[in-house]
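A look at the structure
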Amino acid sequence: MTMTEPALAWDSSLEVGNAVIDRDHKETVELLAALIDAPDTDFPTLFTGFAAHLRAHLANEEALMREYGFPAYAIHRHEHERVRTELEGIERRLAAGNLMLARGYATEIVPDWFLAHKDTMDAATAAWIRQQGG
Ligand SMILES: [Fe+2]
Ligand SMILES: [Fe+2]
């Protein structure tokens with residue numbers, strides 16, 4: 001994502017067709033937009049809120065995958081683990097005062113990851129749940 005592109009905004013074209021996942025994804029997009037727009041004084045607090053949301057969002061998907069026996073659970077969860085590890089590293093650097101790094105993560109890394117992950121693993125998970133009647 002370059003600085004000339006508009007910020008990620010929620011609309012129905014982003015839905016994957018599962019109510020829980022789409023609710024969490026809408027919140028991800030809205031919290032991320034607020035984080036990107038935040039002044040420096042508010043950024044660390046909003047980052048903490050975004051991180052808590054993202055952890056819950058990933059855990060909710062993992063619970064759904066277990067509930068419906070998603071066959072690629074291990075692959076999807078492994079990617080979530082990678083994101084949790086990355087997030088912890090950013091939180092440590094932000095706590096140490098590296099605001100620019102955390103801003104770069106929010107503006108350059110998270111939006112592209114979210115869209116690519118949503119279109120692949122999350123969409124496949126939602127499709128599987130629908131096939132199981134969920
Ligand atoms: Fe997701
Ligand atoms: Fe996911």
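Residues numbered from 1 in each chain as written. Chains lettered and ligands numbered in written order. Predicted model: local features only at pLDDT ≥ 70, side-chain atom pairs only at ≥ 80, totals over all residues. Heavy atoms only, no water.

If you check an unreviewed UniProt entry, the chain appears there as Hemerythrin family protein from Azospirillum oleiclasticum.

Our focus in this paragraph is the overall build of the chain. On a plain count of helices and strands, the chain comes out with 4 helices and 0 strands. Listing every helix and strand of the chain by position from the N terminus yields α-α-α-α. Seen through its principal axes, the chain has C-alpha atoms that stretch 45 × 30 × 20 Å. Long-range pairs, those at least 24 residues apart, make up 70% of the contacts in the chain between residues at least 6 apart in sequence. (Helix = DSSP H or I, 4+ residues; strand = E, 2+ residues; numbered from the N terminus. Contact = heavy atoms within 4.5 Å.)

Time to look at the coordination of the iron ion (ligand 2). All of the protein donors around the iron ion (ligand 2) are Glu61 (OE), His76 (NE2), His80 (NE2), His117 (NE2) and Asp122 (OD); their distances to the metal are 2.1 to 2.2 Å. Read in sequence order, the donor residues coordinating the iron ion (ligand 2) give the pattern E-x14-H-x3-H-x36-H-x4-D. Metal-to-metal, the separation of the iron ion (ligand 2) and the iron ion (ligand 1) is 3.7 Å; Glu61 coordinates the two. You can see Glu61 sitting in helix 2 (residues 43–68) and its partner His80 sitting in helix 3 (residues 73–95), a full 19 residues away along the chain. Both residues of the pair, Glu61 and His80, count as buried. (Donors = N, O, S within 2.8 Å, 3.2 Å for Na, K, Ca; no water. Buried < 20%, exposed > 50% of the residue type's maximum accessible area, 1.4 Å probe, protein only.)

With that settled, consider the packing of aromatic side chains. The full count for this structure, using the stated rule, is 2 aromatic pairs. With a centroid separation of 5.9 Å and an interplanar angle of 35 degrees, the aromatic rings of Phe43 and Phe47 are classed as tilted. With Phe43 and Phe47 both in helix 2 and 4 residues apart, the pair spans about one turn of that helix. Accessibility classification places Phe43 together with Phe47 in one group, the buried group. A ring pair is formed by Phe47 and Tyr105, whose centres lie 6.2 Å apart and whose planes are at 50 degrees; its orientation type is tilted. Placement of the pair is Phe47 in helix 2 and Tyr105 in helix 4 (residues 99–131), with a sequence separation of 58 residues. Here the two residues Phe47 and Tyr105 agree in accessibility, since each one is buried. A connected cluster of aromatic rings, assembled from ring pairs, spans Phe43, Phe47 and Tyr105. (Phe/Tyr/Trp six-rings, centres within 6.5 Å; stacked < 30°, edge-to-face > 60°.)

Contact pair helix 1 (residues 19–37) / helix 2: the axes reach a minimum separation of 10 Å and the direction vectors enclose 165 degrees. Comparing the axis directions of helix 1 and helix 2 gives the class roughly antiparallel. In this structure, helix 1 meets helix 2 at a crossing whose hand is left-handed. For the pair helix 1 and helix 2, the contacting residues are Val20, Ile21, Arg23, Asp24, His25, Glu27, Thr28, Leu31, Leu32, Ala34 and Leu35 in the first and Phe43, Leu46, Phe47, Gly49, Phe50, His53, His57, Asn60, Glu61 and Leu64 in the second. Residue classes in the contact of helix 1 with helix 2 are distributed as 11 nonpolar, 6 polar and 4 charged. (Axes fitted to C-alpha atoms, helices over the stretch in contact; angles between N-to-C directions. Parallel < 35°, antiparallel > 145°, perpendicular 65-115°, else oblique. Left-handed = near helix turned anticlockwise from the far one by under 90°. Nonpolar A, V, L, I, M, F, W, Y, C, P; charged D, E, K, R; others polar.)

With that out of the way, let us pick up the environment of His57. Positionally, His57 belongs in helix 2. For His57, a relative accessible area of 1% translates into the label buried. Taking the C-alpha atoms as reference, His57 lies 16 Å from Gly17; in sequence the two are 40 residues apart.

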